[in-house]
Protein chains: 2
Amino acid sequence: MSLTNATPLEVAQAARLGSRKLAVLSTEERNAALTAIHKALAEGKDEVLAANRKDLEAANKAAEGGTLSQSLVKRLDLGKPGKYEDMLQGILDVRDLEDPINKTTARTLLDDNLLLSRITCPIGVLLIIFEARPEVIANISALALKSGNAAILKGGRESSASFAAIASIISRALTTTAVPPDCLQLVQTHDVIKDLLALDTYIDLCIPRGGNKLVSFVKKNTAIPVLGHADGICTTYLRSDYPAALAEKIILDAKTSYPAGCNSLEQLLVDASALTTSLPPIATALLAKGVSLRCDEPSYTALQSTLDAHNAALLQKASETDFSTEFLDLILAIKTIPSDDLETAIAHINAHSSHHTDAILTLDQTIADRFLAAVDSSSVYWNTSTRMADGQRYGFGTEVGISTNKIHSRGPVGLEGLTIYKWVIKGEGQVSGDYGAGGKKWKHERLGVEGEEVARSAEEVEVLRRFRRGELTM
Amino acid sequence: MSLTNATPLEVAQAARLGSRKLAVLSTEERNAALTAIHKALAEGKDEVLAANRKDLEAANKAAEGGTLSQSLVKRLDLGKPGKYEDMLQGILDVRDLEDPINKTTARTLLDDNLLLSRITCPIGVLLIIFEARPEVIANISALALKSGNAAILKGGRESSASFAAIASIISRALTTTAVPPDCLQLVQTHDVIKDLLALDTYIDLCIPRGGNKLVSFVKKNTAIPVLGHADGICTTYLRSDYPAALAEKIILDAKTSYPAGCNSLEQLLVDASALTTSLPPIATALLAKGVSLRCDEPSYTALQSTLDAHNAALLQKASETDFSTEFLDLILAIKTIPSDDLETAIAHINAHSSHHTDAILTLDQTIADRFLAAVDSSSVYWNTSTRMADGQRYGFGTEVGISTNKIHSRGPVGLEGLTIYKWVIKGEGQVSGDYGAGGKKWKHERLGVEGEEVARSAEEVEVLRRFRRGELTM
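What counts, and where the lines are drawn
- In every chain, residue numbers begin from 1 and rise along the written sequence.
- Both sets of labels track the order of writing: A upward for chains, 1 upward for ligands.
- At least 70 in pLDDT is required for a residue's local features to be given in this predicted model, at least 80 for side-chain atom pairs to be given and counted, and no such filter applies to totals for whole chains, interfaces and linings, which use all residues.
- Side-chain numbers here rest on the full set of heavy atoms in the structure, without hydrogens or water.
- Two residues form a contact once any of their heavy atoms are found within 4.5 Å.
- The term buried area means the drop in 1.4 Å probe accessible area that two parts suffer when joined, counted for both and summed.
- Salt bridge, as used here, is a side-chain nitrogen of Lys or Arg placed within 4 Å of a carboxyl oxygen of Asp or Glu.
- In the analysis that follows, any N or O atom pair within 3.5 Å is treated as a polar contact, provided that within protein one partner can donate a hydrogen and the other can accept it, and provided that, for residues neighboring in sequence, both atoms belong to side chains.
- The way it works is that DSSP assigns letters per residue, a run of H or I at least four long becomes a helix, a run of E at least two long becomes a strand, and they are numbered from the N terminus.
- By the convention adopted, Pro, Cys, Tyr, Trp, Phe, Met, Ile, Leu, Val and Ala count as nonpolar, Lys, Arg, Asp and Glu as charged, and the other residues, Gly among them, as polar.
- Only strands that DSSP links by at least two bridges are regarded as paired with each other.
- Our working definition of a disulfide is a cysteine sulfur pair at a distance within 2.5 Å.
- Exposure categories follow from relative accessible area, calculated using a 1.4 Å probe and restricted to protein chains: below 20% of the type maximum is buried, above 50% is exposed, and the middle band is partly exposed.
- Every axis corresponds to a line fitted to the C-alpha atoms, with the helix fit spanning only the stretch in contact, and the corresponding angles, defined between N-to-C directions, vary from 0 to 180 degrees.
- Handedness of a crossing is defined here by the sense of rotation of the near helix relative to the far one, left-handed for an anticlockwise turn of less than a right angle and right-handed for a clockwise turn.

Colleague: Can you break down the interface of chain A and chain B residue by residue, with the values?
Modeller: Taken together, the contact pairs 89 residues of chain A with 89 residues of chain B. Summed over both sides, the interface between chain A and chain B buries roughly 7700 Å², with carbon and sulfur atoms accounting for 57% of that surface. Along the contact surface separating chain A from chain B lie 14 salt bridges. For Arg118 of chain A, the salt bridge is made with Glu416 of chain B, and the minimal N-O distance between the two is 3.5 Å. For the interface between chain A and chain B, the tally reads 49 residue pairs in polar contact (both at pLDDT 80 or more). It is helix 16 (residues 458-468) of chain A that contributes the most residues to the side of chain A that touches chain B, ten residues altogether. The residue makeup of the side of chain A that touches chain B, split by class, is 39 nonpolar, 23 polar and 27 charged. Where strand 18 (residues 453-455) of chain A meets strand 18 (residues 453-455) of chain B, three bridges bridge the pair, whose relative direction is antiparallel. When the bridges of strand 18 of chain B are listed, Glu453 of chain A appears paired with Ala455 of chain B.

Colleague: Give me the state of the cysteines: which residues, what numbers.
Modeller: Residues and elements named next belong to chain A. Counted by the stated rule, this structure contains zero disulfides over all chains. Left without a disulfide partner, Cys262 is nearest to the cysteine sulfur of Cys234, which lies 6.9 Å away. No disulfide involves Cys295; its sulfur sits 20 Å from that of Cys234, the nearest cysteine. What makes Cys295 buried here is its relative accessible area of 1%.

Colleague: Got a sec to walk through the packing of helix 10 (residues 244-256) of chain B against helix 11 (residues 279-288) of chain B? Specific residues and values, please.
Modeller: Residues and elements named next belong to chain B. The geometry of helix 10 relative to helix 11 is characterised by a closest axis approach of 9 Å and an angle of 35 degrees between their N-to-C directions. For the pair helix 10 and helix 11, the sense of crossing is right-handed. In this structure, helix 10 uses Ala244, Ala247, Glu248, Ile251, Leu252 and Lys255 to contact helix 11, whose residues at the interface are Pro281, Ile282, Ala285 and Leu286.

Colleague: Describe the sheet that holds strand 2 (residues 114-122) of chain A, with residues and values.
Modeller: Strand order in the open sheet formed by eleven strands is 17(A)-1(A)-2(A)-16(A)-13(B)-12(B)-7(B)-8(B)-11(B)-9(B)-10(B), and the pairing between neighbours is mixed. Strands with a single pairing partner mark the edges of an open sheet, and in this sheet they are strand 17 (445-447) of chain A together with strand 10 (316-317) of chain B. As judged from the four bridges shared by strand 12 (residues 357-361) of chain B and strand 13 (residues 379-382) of chain B, these two strands associate in the parallel manner. Paired with Ile360 of chain B across the bridge in strand 13 of chain B is Trp382 of chain B. Across the face of the sheet, helix 14 (residues 342-352) of chain B comes into contact with strand 7 (234-238), strand 8 (265-271), strand 11 (331-337) and strand 12 of chain B while running at roughly 165 degrees to strand 8 of chain B.

Worth remembering: the numbers are spatial, not functional.
Below, the structure written as structure tokens:
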């Protein structure tokens, strides 16, 4: 990795060549590179923080001049207690995850001594475009190397000095490892984004890490597949049978635990018969947390007549756009669903949510199953908070992003999302003409993957369970 | 499905709405629709063939006028013995495949009574653009309905009468089933392609079924993900240790069994020390089959000195473009690789093949493993023919296409390639704020999928095997 005067084409070509060398390194070689990066960044802390202070000075000036937001300045600061250490620990955490590549995920015996295997491998070259946070460079570098992918990293202008320092340290560290330094390319000038997005011959996947504006811009300007989501408009559909206290707990968590998160609740759909039963205490609790409630006509009327005067005065009337808006703030749109009309709720969600995460609250399993099947979103929940949509919470160990795409990876994406597979056949001179009409028959025998066997029949499953319980010995 | 005056936008919106209804139908309902289509097309054979004869008449006139190729006219003809019956059988074959949707492919217990499942589901709306063959409409309709996807089918102008007849029969058949007829939309006018390709809000995946020109056009003109491959430039790398007779068999199959196929061999890389040993008999056999050999300098010289005068006179000299060309014909480019220089062969393939299918012929396992790992293609083979790259041969039961994409589906694509998954959480009121610092711990316990258990330890694997062999009883 280096800050370079190379053209975007040269950068992409170098990354591509590097990616082929990286793809064949062993788990140990890739892990050793992460260890080396960790060590170098630990030793280079002062150097990085000095550079970071330069970025902060410039950013503070810009913030005083009103051209930069204070929240962006905060995100720039690597000197906050624990932040640098978290960044370092993140590298080791990624290193210690299971290797996602070179895993055999399917095997079929096509014929005697003719074995087809599906083996996971890196995608190739990733283009990662991110906004202010300078620590992301370490996180993304670790994810890319762990999964055997080269990466072109395009950072934001505000953190250029921090980036340069981290990049130079990582670059030096890689020269002592088996990973070709070309596998990580840092690009900083803003005017090259469009050129990079045009290089779909060399770049296999683009991951924008930032707000709606960045993601939408990227999606509109490239033929490279884009992993991510522009909006996070999540909904929860409250049925009248669900206990009000549990509903309140779930809705409060979904709306208020991190309103700026893409998995936060933006719309509450309420069954008409819950308007005067479970909705009022929930509304009261939300208002107490400072949430603005934008109510459709029936919910507004119902709450006006049930809330106390103070709370009733706080209610707002929803406009149609409130049901297509990602607020990212303490605002919740409330829509009334005709009593027991599941299909209307589903149709509203499929038309208005951003297909990120949607939930139903009900005790009725039949209703819930219908909802879970019919809602076309990357995550669909029964009786839990939309804030569960997160790679760490899903147990992936890390999160590359959350995808609302309908192909490749959907929902929270772990390291697996940075891999694809290849089909490998090992034969002994068999050819296609040996098979078919008048020739040999294909065996097409599905085998377990190496080191595993799948118990498929009820009897086989039972045998395994008994063995595990110690009721059966060999 | 109907031939309609609707605009592309209306077509896509209707397909999208239909897709949501289709997605929640049961296996039995979708299969019943395929049975109904099969029955209707069997009964409507005369009607379809009458329409097909109109297309053929027009096509024959165009062929006489020189504006249409004879091979295209042949592909139009549904009246050839057995062709209509094959089309009908294909519908039943697809119906009888395992249902690819609603399969639980991963389960994680996040906490007590908080279960995360990954469940396969349809992608949504497919746009399928295909050239002359009218029987493809039945095949694609079957694949789409089986996998729960709506499809917009854009056929070629030459088969418009056949399409209209088949479409009207399928449409009538669907009205008797649970599948909304809007789920299959037939579009015929050519000038709507660009409009359809712009509708990435409603269409989730585009599958062009046709030649390089069609695929390249589609890829350049849409933001919709495209499944397929433009070129099939497949290579085989012959090492000097591999027995000449086996090499000859494999290379002949790869080059001559169906030269127009995308999985046919276009380039032979020959180790320098095989130039005068195994190459001459292979070259002689290829020439006898009418294959033109376009040789680089060293292979030309070597063959000139070893082949008989007649064969030597047939040899051609390769130009640089021959190593970036999909011939789709009885032509083979031959390139010499310095003796024992595996890396040069790999670098040539990664730079010049179309990442479709590439093979190595050698008895040396270490060399082969290195090749299989380093070649960045969707299928990589050891000691077999590139013609093996095919969904039927891989045991998928059917083939949607062959993809050289690096995301979603790679290589031969079966029904699985028309699916994605959603993440489902079933909880009991747990929320994100319950976990983390100071709160509860995640369990993150990986469970087997329903009805299966995976034996992971060597002991468990052994227990299963003994049970299967009857050496162990419950």
